[in-house]
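Each chain is listed here by its residues.
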Amino acid sequence: MIFARLVLACLLIWSSGAWGHAALISSTPAAGAVLAQAPATLTLQFSEPVGVTVLRLINPAGRTQDIHTNGAHDATVQIDVAGQQAPGTYLLSWRVVSADGHPIGGTLDYRVGLASAAGTIGGISSAGAAAGLHAHLQQLADPGASERAALIWASRFVSYVCLFLLLGACAFRALNPYSRHAPAMQPVSQGRLWRMALGVGFLLLPLQWGLQGLDLLGAPWQQIGQPALWVQTWYSSYATTLILLALAFGTAAWGLSRPMPVRNTRASMHGTNPHESSLKGAIWRQHLAGILALLLAGSALAVSGHAGTAPPRWLSRPTVVLHVISAVVWIGLLLPLARCLVPTTLAQRTASDVAILELRRFSRGITWVVALLVLSGLCLAWLQLRQLSDLWQTLYGQVLSAKLTLVALLFCVAAWNRWRLTQATQAGALRPRAQLRRAIQVELVLAVLILGLVALWRLTPPPRSMATVPMAADVHALAHQAAHRHAATQVPDSAPPLPHRPAIVLHNADITAKIQPGPTMWQLTLQHADGTPFVTQAVKVQISNPEAGIQPLHRTAQATGTPGHWQFALPPLPDTGHWQVGLEILVNDFQQVSLSSH
C-alpha cells in the first residue's frame, strides 16, 4: 500500500507540464529581416519555458558581446540591444536548456539598413563531406563539440551497463531469497563483477555532472573544472536524474551488501529455528531493495531526457518508468541466470537445482514482462515520431530503427531459448543447459549493443521537437531592396567588401554541391558525379562558427526553376574565424543526404 501511494503521488506530480524538448517557434525580428532602424530589444519565443545559458551578439564588424540575463525560466526571452545602432548584419547566437535537461542552440540574423559589407566568410572550408552521426555532431557548433559528445555518450553507455548489472543482481536476489549458494547471490563485497559495477557507476556520476555543465554552456572539455559549469548543472533537470541514479546505485548495493542466511525448512515448520527472524529480515531487505532500486532507476530516466518529458507527461513519464523496469527485469536477470547454469562444485550442484526452479519461474513470468516492454516502447515511439518516414529521414529515427533491429534479433534468440532449450534444460539434459547458457550470453551481447544505441539518443533530438523558425515573409524582396537602396551608403563599422567571394564546394562520391556567396542571395548548384543536374525535393542549409561560439544559422533553399539550381537569402558573414557549412538534401521520402565542410 505504501508503494502504491508513492507511485500514485509520482504520477500526480508528473502530470503537469507541456513539451519536454524546447523549440524556437518565433522571433522578433524574424530571421533574415531587414530593418530600417536598429531594434532596442530582441525576442525569442520558445515552445516551453527555457533557461538561458549563452547569449552572444556579433555586430557588423565581427566583434562579439556576451549578453547576461537574469536566468529566469520563461518561454519568452527578451534581450536588450539598445546600444547597437550601427548599420549592417547582426548575429544573435543563443543557447538554452529545455525542461528535459538538453541544451539547444541557434543563431538569429537580422540587418539594419545596408547589410554588412565584409562578406569575406573567411575560413570557410570547401572540402570533404560527412553524414550520419558525424554531421550531427558538427551541428552542435561549439568548441569541442565532437569530443564532448563522445564523452557524454561513453559515460552514459557505461553507466547504463553498470546500472543494469547491479539492478539485475538485486532483482534476482529479491526473487530468489533462498539461493545463497548460487554464484549470482554473492554479496557485493565478495563479487568482483558487482564491486566493479558499483565503483564505476558511482565514479561516472560526477563526471556526467561536469559534462552536463559543459554541454549547457557549449564549453570544451578542458574547462570541466570551472565552478560555473557545475552550478549550471544544478539548475537543470539532469541534476535530479543524477541524484536519483546515485540513490538507485546505493539501494542496489544495500540489497547486495550481505549474504543470505541459511533456511532450515524443518526447523521453521516446528518453530525452532533461531535464525528465522534474521531470515525474514534479510528477505524483507531484499524485496525492499529490489523494488526501490527499480523505481529509482525508472524515475531517474523519466525526469529528464526526450522520452520522459514528451507531452502529455502524465503518459510519457509513467511509460518510461515501466519501460525501464521491464527492461531491467528482463535483461538484468539474464547474467545471474547464466551464472547459475554451470555447476562445477558440490555446492553449485545444489544451486543448479535452484537454477532449474528459477528458470521455470523466469520462463513463466518473462512473457508478461516482454509484453509490457513492447507496449511501453511502442507508446514512447508514438509520442516521439511525427510520421512513419521519421524512422529513416531523421537521425533519431535511424537510431530507433537500429535499436528495433537489435531488439528483433534479441526476441528471436529469446524465443529459441524459451521454446527449444528451456524445456530440455528443465528435464535435466546437460547439452541443452550449455547451449542455453551460450544463447543467454548472445542475448547479453545484443542487450549491451542496445544500451549503446539508447545512449546515442542524448545527442539526437526527437522529430516532435524539430521546428523551423519562420523567416521574414518578404526576406528575399527586402534583401534586394536594401541592397539597391543603400548601394552607395558607407558603413563605418564594417570592413570593405572583397571583389570576389570564392565558391564553397561540398561533395561525396555521388553529389557535388557548389555554393556561391552573394551580397544578399547565395546560389547553390547540385550535380551528379558526371556533371548532370541532381534533382531533389528540398535543401536545408546550415552555417555555424564554432571558433567564434556562433550557433547554427538555418536557411531553407528555394528552387530557381532550373534543375539542380537553388538559392537562399543570407547576409555576408563577418570574418570571425572558421565557418562551417552543412547541407541536408532530401532526395525523396526515403533518402536524405548530408554534406558538410570540415
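## Observations concerning the overall build of the chain
Working step 1: For the chain, the helix and strand inventory stands at 15 helices and 16 strands.
Working step 2: Burial status across the chain gives 54% buried among its 598 residues.
Working step 3: Of the roughly 26,300 Å² of accessible surface on the chain, a fraction of 63% belongs to carbon and sulfur atoms.

## A closer look at the sheet that holds strand 10 (residues 521-528)
Whenever strands of a sheet pair, they do so through backbone hydrogen bonds, lying parallel or antiparallel.
Working step 1: Ordered by their spatial adjacency, five strands build an open sheet running 8-9-10-14-13, and the pairing between neighbours is antiparallel. The open sheet terminates on both sides in strands that have one partner only, identified here as strand 8 (504-507) and strand 13 (558-559).
Working step 2: As paired strands, strand 9 (residues 511-516) and strand 10 are joined by six bridges and run antiparallel to one another. Along strand 10, the bridge assignment pairs Ala513 with Leu526.

## Here we look at the nonpolar core
Working step 1: By size, the foremost hydrophobic cluster in this structure holds 82 residues, and its most contacted members are Leu163, Leu166, Leu167, Phe249, Trp330, Phe362 and Ile440.
Working step 2: Contacts of Leu166, omitting those with residues within four sequence positions, involve Trp194, Ala197, Leu198, Phe249, Ala252 and Leu256.
Working step 3: Counting residues in hydrophobic clusters, the runner-up holds 28 residues, among them Val541, Trp566, Leu570 and Leu573.

## Section: the sheet that holds strand 12 (residues 550-556)
Working step 1: Across the sheet, four strands lie side by side as 12-11-15-16; this open sheet has antiparallel pairing. Two strands close off the open sheet at either side, each with one partner strand: strand 12 and strand 16 (591-596). Neighbour to neighbour, the strand axes of the sheet diverge by 15° on average, direction disregarded.
Working step 2: Sheet analysis places strand 11 (residues 538-545) next to strand 15 (residues 580-588), joined by seven bridges and oriented antiparallel. Pairing of Ala538 across the sheet is with Leu586, part of strand 15.

## What to know about unusual backbone geometry
Working step 1: Here the residue pair Thr28 and Pro29 is connected by a cis peptide bond, since its omega of 0° sits within 30 degrees of zero.
Working step 2: You can see Pro29 is positioned in the loop between strand 1 (24-28) and strand 2 (33-35).

## Comments concerning the side chain of Ser236
Working step 1: Its location among the elements puts Ser236 in the loop between helix 5 (227-234) and helix 6 (237-255).
Working step 2: On the basis of relative accessibility, which here comes to 7%, the residue Ser236 falls in the buried class.
Working step 3: Setting aside residues up to four positions removed in sequence, Ser236 forms contacts with Gln212 and Leu216.

## Observations concerning the confidence of the model for the chain
Working step 1: Looking at the chain as a whole, its pLDDT mean stands at 75, while 73% of the residues score no less than 70.
Working step 2: Of all secondary-structure elements in the chain, the lowest mean pLDDT belongs to helix 1 (residues 2-14), at 37, while helix 6 reaches the highest, 92.
Working step 3: Across residues 264-274 the pLDDT falls below 50, and counting only partners more than four positions away or on other chains, this stretch makes six contacts in the model.
Working step 4: Confidence drops under a pLDDT of 50 for residues 473-499, and excluding neighbours within four residues, the segment shows 39 contacts in the predicted structure.

## Let's talk about a nonpolar patch on the surface
Working step 1: A cluster of nonpolar side chains, contributed by Val231, Trp234, Tyr235, Ile243 and Leu247, occupies part of the molecular surface with about 560 Å² of accessible area.
Working step 2: Note that Val231 resides in helix 5.

## Structural notes on the pattern of salt bridges
Working step 1: In total, this model carries six salt bridges according to the counting rule given.
Working step 2: With a shortest N-O distance of 3.3 Å, Asp215 and Arg95 are connected by a salt bridge. In this pair, Asp215 sits in helix 4 (residues 192-217) while Arg95 sits in strand 6 (residues 88-97), placing the two residues 120 residues apart along the sequence. For the pair Asp215 and Arg95, one class covers both residues: buried.
Working step 3: Two residues, Arg458 and Asp215, come together in a salt bridge whose shortest N-O distance is 2.6 Å. Taken together, the positions of Arg458 in the loop between helix 14 (430-456) and helix 15 (475-485) and Asp215 in helix 4 put the pair 243 residues apart, joining distant regions of the chain.

## Re the packing of helix 13 (residues 395-426) against helix 14
Working step 1: Viewed as axis vectors pointing N to C, helix 13 and helix 14 meet at an angle of 165°, and their least axial separation amounts to 9 Å. In this view, helix 13 runs roughly antiparallel relative to helix 14, as classed from their interaxial angle. For the crossing formed where helix 13 meets helix 14, the hand is left-handed.
Working step 2: When the residues that make up the contact of helix 13 with helix 14 are grouped by side-chain class, the tally is 21 nonpolar, four polar and three charged.

What counts, and at which threshold
Residues numbered from 1 in each chain as written. Predicted model: local features only at pLDDT ≥ 70, side-chain atom pairs only at ≥ 80, totals over all residues. Heavy atoms only, no water. Helix = DSSP H or I, 4+ residues; strand = E, 2+ residues; numbered from the N terminus. Buried < 20%, exposed > 50% of the residue type's maximum accessible area, 1.4 Å probe, protein only. Areas by Shrake-Rupley, 256 points an atom, 1.4 Å probe, with all protein chains shown as cover. Pairing = 2+ DSSP bridges. Core = buried A, V, L, I, M, F, W, Y, C linked by side-chain atoms within 4.5 Å. Contact = heavy atoms within 4.5 Å. Axes fitted to C-alpha atoms, helices over the stretch in contact; angles between N-to-C directions. pLDDT = per-residue confidence, 0-100. Patch = residues over 30% accessible without salt bridge, like charges linked within 9 Å, V, L, I, M, F, W, Y side chains within 5 Å. Salt bridge = Lys/Arg side-chain N within 4 Å of Asp/Glu carboxyl O. Parallel < 35°, antiparallel > 145°, perpendicular 65-115°, else oblique. Left-handed = near helix turned anticlockwise from the far one by under 90°. Nonpolar A, V, L, I, M, F, W, Y, C, P; charged D, E, K, R; others polar.

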